Amino acid sequence: MSAHAAAGPPEVLGIGEVMGMLDPDRPGPLEDAEHFTLRVAGAETNVLIAAARLGHRAALVSAVGDDPVGRLVRRTLEDQGVDASFVQTDAAAPTGVFFKERFDDGLRRVYYYRGGSAASRLTAAAARLEGIGTPGVLVVSGLSLGLGRPEGLSAVVRNAVEHFAAAGSTVVFDPNIRPGVWDGERARDDFARIRASVHVLIAGDDEMAVLAPGLAVQQAAEALCADGLRAVIVKAGSQGAVLYERGRATPVAPFPVARVVDPVGAGDAFAAGVVTGLLRDWPLLDGVRLGALLGARAVTTSGDWEAVPAGQSPERLLESYLDVHPPLEAHSS
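The shown structure was predicted, so the numbers you read here are calculated from the model rather than taken from an experiment.

Enquirer: Explain the overall build of the protein chain here, please?
Expert: Within the protein chain, the secondary structure is distributed over twelve helices and 14 strands. With the C-alpha coordinates aligned to their principal axes, the bounding extent of the protein chain is approximately 55 × 45 × 40 Å. Among the 333 residues that make up the protein chain, the fraction classed as buried is 55%. Restricting to contacts in the protein chain with at least 6 residues of sequence separation, those with at least 24 account for 73%. Accessible area of the protein chain: about 13900 Å², with a carbon and sulfur share of 50%.

Enquirer: Got a minute to help me understand empty space enclosed by the protein in this structure?
Expert: The rolling of a water-molecule-sized probe over the atoms marks out the regions of remaining empty space. Overall, the coordinates contain one cavity of 30 Å³ or more when judged by the stated rule. Size it by volume and the largest cavity reaches roughly 60 Å³. What lines the largest cavity is simply Ala43, Glu44, Val47, Val139, Val140, Ser141, Val172, Asp174, Asn176, Ile202, Asp268 and Ala271. Contributions of two or more residues to the lining of the largest cavity are made by α2 (43-53), β8 (137-141), β9 (170-174) and α10 (266-279).

Enquirer: Explain the packing of aromatic side chains to me, please; I cannot follow it from the model alone.
Expert: The geometry of an aromatic ring pair comes down to the distance between the two centres and the angle between the two planes. All told, the structure shown has six aromatic pairs when counted by the stated rule. Residues Phe98 and Tyr112 carry aromatic rings whose centres are separated by 5.4 Å and whose planes lie at 40° to one another, so their mutual orientation is tilted. Highlighted residues: Phe98 in strand β6 (residues 97-102) and Tyr112 in strand β7 (residues 108-113), separated in sequence by 14 residues. Classification of Tyr112 by relative accessible area gives partly exposed; the value is 29%.

Enquirer: Would you take a moment to explain the environment of Ala221 for this structure?
Expert: With respect to the helices and strands, the residue Ala221 is situated in helix α9 (residues 217-226). A sequence separation of 28 residues divides Ala221 from Ala249, and the C-alpha atoms of the two residues are 9.3 Å apart. With residues near it in sequence (within four places) discarded, Ala221 still touches Met208, Val232 and Tyr244.

Enquirer: Help me understand the layout of surface pockets, please; the structure alone is not making it clear to me.
Expert: Volume-wise, the largest pocket comes out at about 1200 Å³. As for the largest pocket, its lining consists of 50 residues, of which Lys235, Pro263, Gly265, Ala266 and Gly267 are closest to the centre. Residues of the lining of the largest pocket, tallied by class, amount to 25 nonpolar, 13 polar and twelve charged.

Enquirer: Whenever I open this one, the sheet that holds strand β2 (residues 19-24) confuses me. Can you help?
Expert: Two orientations exist for strands paired in a sheet by backbone hydrogen bonds: parallel and antiparallel. If you walk across this open sheet you meet the four strands as β3-β2-β6-β7, and the pairing is mixed. Each end of this open sheet is capped by a strand with a single partner; those strands are β3 (36-41) and β7. Strand-to-strand, the axes of this sheet are offset by a mean angle of 25°, without reference to chain direction. Across three bridges, the pairing between β2 and β6 is parallel. Residue pairing for β6: Leu22 is matched across the bridge by Phe99. Here helix α3 (residues 68-79) sits on the sheet in contact with β2, β3 and β6, set at roughly 60° to β3.

Calculation criteria
- Residues numbered from 1 in each chain as written.
- Predicted model: local features only at pLDDT ≥ 70, side-chain atom pairs only at ≥ 80, totals over all residues.
- Heavy atoms only, no water.
- Helix = DSSP H or I, 4+ residues; strand = E, 2+ residues; numbered from the N terminus.
- Buried < 20%, exposed > 50% of the residue type's maximum accessible area, 1.4 Å probe, protein only.
- Contact = heavy atoms within 4.5 Å.
- Areas by Shrake-Rupley, 256 points an atom, 1.4 Å probe, with all protein chains shown as cover.
- 1 Å grid on protein atoms, 1.4 Å probe; cavity = no way out; pocket = protein on both sides within 12 Å on 5 of 7 lines; lining within 4 Å.
- Points joined across faces, edges and corners; volume = space filled by probe spheres on them.
- Phe/Tyr/Trp six-rings, centres within 6.5 Å; stacked < 30°, edge-to-face > 60°.
- Nonpolar A, V, L, I, M, F, W, Y, C, P; charged D, E, K, R; others polar.
- Pairing = 2+ DSSP bridges.
- Axes fitted to C-alpha atoms, helices over the stretch in contact; angles between N-to-C directions.

Now the structure itself:
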């Protein structure tokens, strides 16, 4: 039994694929790259590592292959304080991988090699959700809903959302829309199926348009809050974010950075700030502020989670944000 398991249920649980990421050492076309750094990344995993670095017990439900990348995943999770007790090993399937491609003009691309991966094949029976206990927060993404359909990872995520919401967990959902994986009508239908069990939605402007076509972003967010969501948080990159709660919309200014190296992973760091605020029972607005700071830090490096400070007090980090942006009164919608 791991030390995390001995301490009781995780404070935050994530369900999704974790992969090896091949990150070139310099900008330029991927086919011209000569050297890569092998890292570990994945939407839910990035959030969990950040939460663990900020002092919370985190655990991942996933699967990896019996291969070197899978071993690196397990080692990285352990090194970063994320409980991997519920990460299965599928000897018949590989661990997924992806490549980053970066250009000097700011353009970024990612290339996924995850078809038939161990994580996508994870089943509800193998996931053993009933043995985890009830986490304070469950983190899942639409991207995971799009993998392993219909009875693989997507079914695990659907079951987990319903199970843990009924048990009292706060469910945080990030669409993480990916064309060809989770997008369009499929995304709308999947989200509609789990919406009653989601408490906090974190999405970009473009993702709101997919989930609620025909509505302006503000209209969609207000409608979702009126329909029972505790909050909708709409990210707008360098423009900051807006926190929508029932009857109220509050803009959150971005945290300034001198230079953007790589925006990939910023959204996950942002979500980690929101999750940390929920776990510490802060007002939602303060969690969004912390998310803005962590998201800004994330763009200063090429790694997806490496810029999240380990061992620093979230309260002190929040103070750093408020030093730059003193609090203002919320704006009524």
